[in-house]
Amino acid sequence: MKQRILIVGAGFGGMWSALSAARLLDLHGHTDTEVVVLAPQAELRIRPRFYEADVHKMSAPLGELFEAVGVRFVKGMADRIDVAGKKVEYRDGQGVAGELVYDRLVLASGSKVLRPGLAGVEHAFDVDQIEEAVRLEQHIKSLSQLPASSARNTVVVAGGGFTGIETATEMPARLRSALGADADIRVIVVDRGSEIGAALGDGPRPLIAEASAELGVEWRLNSTVASVDADGVTLADGQRIEAKTVIWTVGVRASSLTEQVPAERDRFGRLHVDRNLQVLGHADVFATGDVAYAATDDEGNYALMTCQHAIALGRSAGNNVAASLLGVEPIPYSQPKYVTCLDLGGWGAVFTEGWDRQIKFVREAGKQLKTQINSIWIYPPAANRAEALAAADPMIPVV
């Protein structure tokens, strides 16, 4: 009877885990283990791009790729992980219950933006999942059907972190595309920080301020949203901002499936793993991508909930889960190089290196790199067996 590696999730971590596991099994000529991916759809959703326009195009099919490398795809949503029984219960596309047993499990179920229990928060949009990002895009396009008003022309972005900045700086162009080049638009970032772009550090911060000024993006600092409604937000200090569009970008939490694994988790719900991405205390369970609290180096740095880290985490998890069944040496996860490329809309982009975010490229040079990253580097390999397996080598640097 064949052994089974079950991977829950088809995001960056899950897809690369599947390819990497298939790669190592292939290298050893091993045909007695099947790699199965359980996910709601056989597609990679390009989440880092959900702040852009035309978001309905931001996915890549995985069916042919999985077939090319011998990975079996099961369409379904995981409901329950039974670690003791080594099985996962799920519902298929029609809601019919199913069950998959496993010899090794890779949890790659991702993360979601965490909406607080604020009054009216359901009126806010987000760019976290593709369905919500599409809903936001449809809403922006529909604004032109409303009578001209300050509220119609105003977007409030709650949160001035990475996603909030990229969303806000892209928004002037998106609003003018919908409302006309001469529309009197406003984009306002509400952030609890005391300085513009403080979350990105001292290097990028002045450039974020410069881009915001050039694009007309306003910041309300030392501020938080107290409530949301269909016509705007009320801030904690009582200030009112009329806006037909409110976008929530604050707070991300790992998939709730991590709570079904009896193991230590960090404050974001991520499972503590060893250097081989094995969940501490569970020899048969690995975690990767946004559900793994993993050290990237020996300097005290840990993987962030980013595509950049998920790709490398996925390659490592897939290799090491297969290695554990083959009885060969794993390759410890290591990702000492850290870069960021922050899109700043019409101003350009900022590319940095290192955890201290040293500036390397700005404006158009940075934008060219961002375009390459977003349109080429983070997409799946072609559905060619040899090329796809080669691309899944965990020793390949991500950037």
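For the structure given in this document, a descriptive report is provided here. Numbering of residues starts from 1 in each chain and follows the order in which that chain's sequence is written. Selection of residues for local features in this predicted model requires a pLDDT of at least 70, selection of side-chain atom pairs for listing and counting requires 80 or more, and totals for whole chains, interfaces and linings are taken over all residues. Hydrogen atoms and water are omitted, and side-chain values are computed over all heavy atoms in the structure.

## So, the side chain of Asn374
Consideration 1: Where helices and strands are cited, they refer to DSSP runs of H or I of at least four residues and of E of at least two residues respectively, numbered from the N terminus. Residue placement: Asn374 occurs in helix H7 (residues 363–377).
Consideration 2: Those residues within four positions of Asn374 in sequence are excluded, and the remaining contacts are Pro48, Arg49, Tyr51, Glu52 and Tyr379. Whether two residues are in contact is decided by their heavy atoms: any pair within 4.5 Å suffices.

## A few points about H7
Consideration 1: Helices are assigned an expected span. That span is 1.5 Å times one less than the residue count. Between its terminal C-alpha atoms H7 stretches 20 Å, which fits the 21 Å expected from 15 residues at 1.5 Å a residue.
Consideration 2: Turning to H7, its buried residues are Gly366, Lys367, Leu369, Lys370, Ile373 and Asn374. Projected down its long axis, H7 carries its buried residues within an arc of 165°, all on one side. In this structure, H7 carries Glu364 and Ile376 as exposed residues pointing more than 90 degrees from its buried face.
Consideration 3: Looking at the buried residues of H7, the elements they touch are helix H4 (162–179), strand E22 (339–343), strand E23 (349–353) and strand E24 (358–362). Under the scheme applied here, a residue whose accessible area is under 20% of the maximum for its type counts as buried, over 50% as exposed, and between as partly exposed, the area being computed with a 1.4 Å probe on protein chains only. Directions pointing from the helix axis toward each C-beta atom define the arc.

## Topic: the sheet that holds strand E15 (residues 232–235)
Consideration 1: Strands qualify as paired when DSSP identifies two bridges or more between them. Taking strand neighbours across the sheet as the criterion, the three strands line up as E14-E15-E16 in an open arrangement whose pairing is antiparallel. A single partner strand is all that each edge strand has here, and the edge strands are strand E14 (225–229) and strand E16 (240–242). Each strand of the sheet is rotated relative to its neighbour by a mean of 15°, with strand direction disregarded.
Consideration 2: Summarising the sheet, E15 and E16 pair through three bridges and their orientation is antiparallel. Within E16, the position partnered with Val233 by the bridge is Ile241. Orientation is described by lines fitted to C-alpha atoms, with helices fitted over the stretch in contact, and by angles between N-to-C directions that extend from 0 to 180 degrees.

## Side note on the pairing of strand E17 (residues 245–248)
Consideration 1: Residue alternation in E17 divides its side chains into two sets, Thr245 and Ile247 and Val246 and Trp248, and both sets are buried.
Consideration 2: Alignment of strand E11 (residues 154–158) against E17, held across four bridges, turns out to be parallel. Paired with Val156 across the strands is Val246, a residue of E17.

## Here's the deal with the sheet that holds strand E6 (residues 77–82)
Consideration 1: Taken together, the three strands give an open sheet; going across it, the order is E6-E7-E8, and neighbouring strands pair in antiparallel fashion. What marks the edges here is a single partner per strand, and that holds for E6 and strand E8 (97–101). When strand polarity is set aside, the average angle formed by the axes of neighbouring strands in this sheet is 25°.
Consideration 2: In this sheet, strand E7 (residues 87–91) lies alongside E6 in antiparallel orientation, the contact comprising five bridges. When the bridges of E7 are listed, Ala78 appears paired with Tyr90.

## Remarks on the packing of aromatic side chains
Consideration 1: Any Phe, Tyr or Trp ring, taking Trp's six-membered ring, that has another such ring centre within 6.5 Å forms a pair; planes under 30 degrees apart are called stacked, those over 60 apart edge-to-face, and the others tilted. In total, this model carries four aromatic pairs according to the counting rule given.
Consideration 2: Their ring planes at 5° and their centres at 4.3 Å tell us that Tyr293 and Tyr302 sit as a pair that is stacked.
Consideration 3: For the ring pair Phe351 and Phe361, a centre distance of 5.9 Å and an interplane angle of 55° mean the geometry is tilted. Pair noted here: Phe351 is in strand E23 and Phe361 is in strand E24, with a separation of ten residues, a long-range link.
Consideration 4: Under the relative-accessibility criterion, Phe351 is labelled buried at 5%.
Consideration 5: Classification of Phe361 as partly exposed rests on a relative accessible area of 38%.
Consideration 6: Only lysine NZ and arginine CZ atoms are considered, and such an atom sits over a ring when it is within 6 Å of the ring centre and within 35 degrees of the ring normal. Here the basic side chain of Arg315 rests over the ring of Trp16, its NZ or CZ set 4.4 Å away from the ring centre.

## Points about the nonpolar core
Consideration 1: Here, nonpolar core refers to any group of buried Ala, Val, Leu, Ile, Met, Phe, Trp, Tyr and Cys residues whose side-chain atoms link them within 4.5 Å. Grouped together as the largest cluster of nonpolar side chains are 110 residues, with contacts concentrated most on Ile5, Leu6 and Val88.
Consideration 2: By residue number, the principal contributor to this core is helix H6 (residues 307–326), which donates ten residues.
Consideration 3: Not counting chain neighbours up to four residues away, the residues in contact with Leu6 comprise Val36, Leu38, Val88, Leu100, Tyr102, Arg104, Leu105 and Val106.
Consideration 4: Counting residues in hydrophobic clusters, the runner-up holds 15 residues, among them Val156, Val190, Leu235 and Ala243.

## Focus: the packing of helix H3 (residues 130–142) against H4
Consideration 1: Two numbers describe how H3 lies on H4: the axes approach to 8 Å, and their chain directions differ by 50°. With respect to H4, the axis of H3 lies oblique. Residues Glu137, Ile140 and Lys141 of H3 pack against Met171, Arg174 and Ala178 of H4.
Consideration 2: Basically, the charged four are Asp, Glu, Lys and Arg, the nonpolar ten are Ala, Val, Leu, Ile, Met, Phe, Trp, Tyr, Cys and Pro, and anything else, Gly included, counts as polar. Counted by class, the contact of H3 with H4 contains three nonpolar, no polar and three charged residues. The labels follow the angle: roughly parallel below 35 degrees, roughly antiparallel above 145, roughly perpendicular from 65 to 115, and oblique for the rest.

## Quick look at the pattern of salt bridges
Consideration 1: Take a side-chain nitrogen of Lys or Arg and a carboxyl oxygen of Asp or Glu: if they are within 4 Å of each other, that pair is a salt bridge. Under the defined criterion, the tally for this structure stands at 30 salt bridges.
Consideration 2: With a shortest N-O distance of 2.4 Å, Asp128 and Arg47 are connected by a salt bridge. Highlighted residues: Asp128 in the loop between strand E10 (111–113) and H3 and Arg47 in the loop between strand E3 (43–45) and strand E4 (59–61), separated in sequence by 81 residues.
Consideration 3: Relative accessible area serves as the criterion here: at 25%, Arg47 is assigned to the partly exposed category.
Consideration 4: Between Asp284 and Lys86 there is a salt bridge; the shortest N-O distance is 3.3 Å. With Asp284 in the loop between strand E19 (271–272) and strand E20 (285–287) and Lys86 in the loop between E6 and E7, the pair connects residues that are 198 residues apart, well separated along the chain.
Consideration 5: On the basis of relative accessible area, Asp284 is assigned to the partly exposed category, the value being 23%.
Consideration 6: Overall, Lys86 belongs to the partly exposed group, its relative accessible area being 24%.
Consideration 7: One network of salt bridges, in which partners are shared, links Arg115, Asp126, Glu132 and Arg135.

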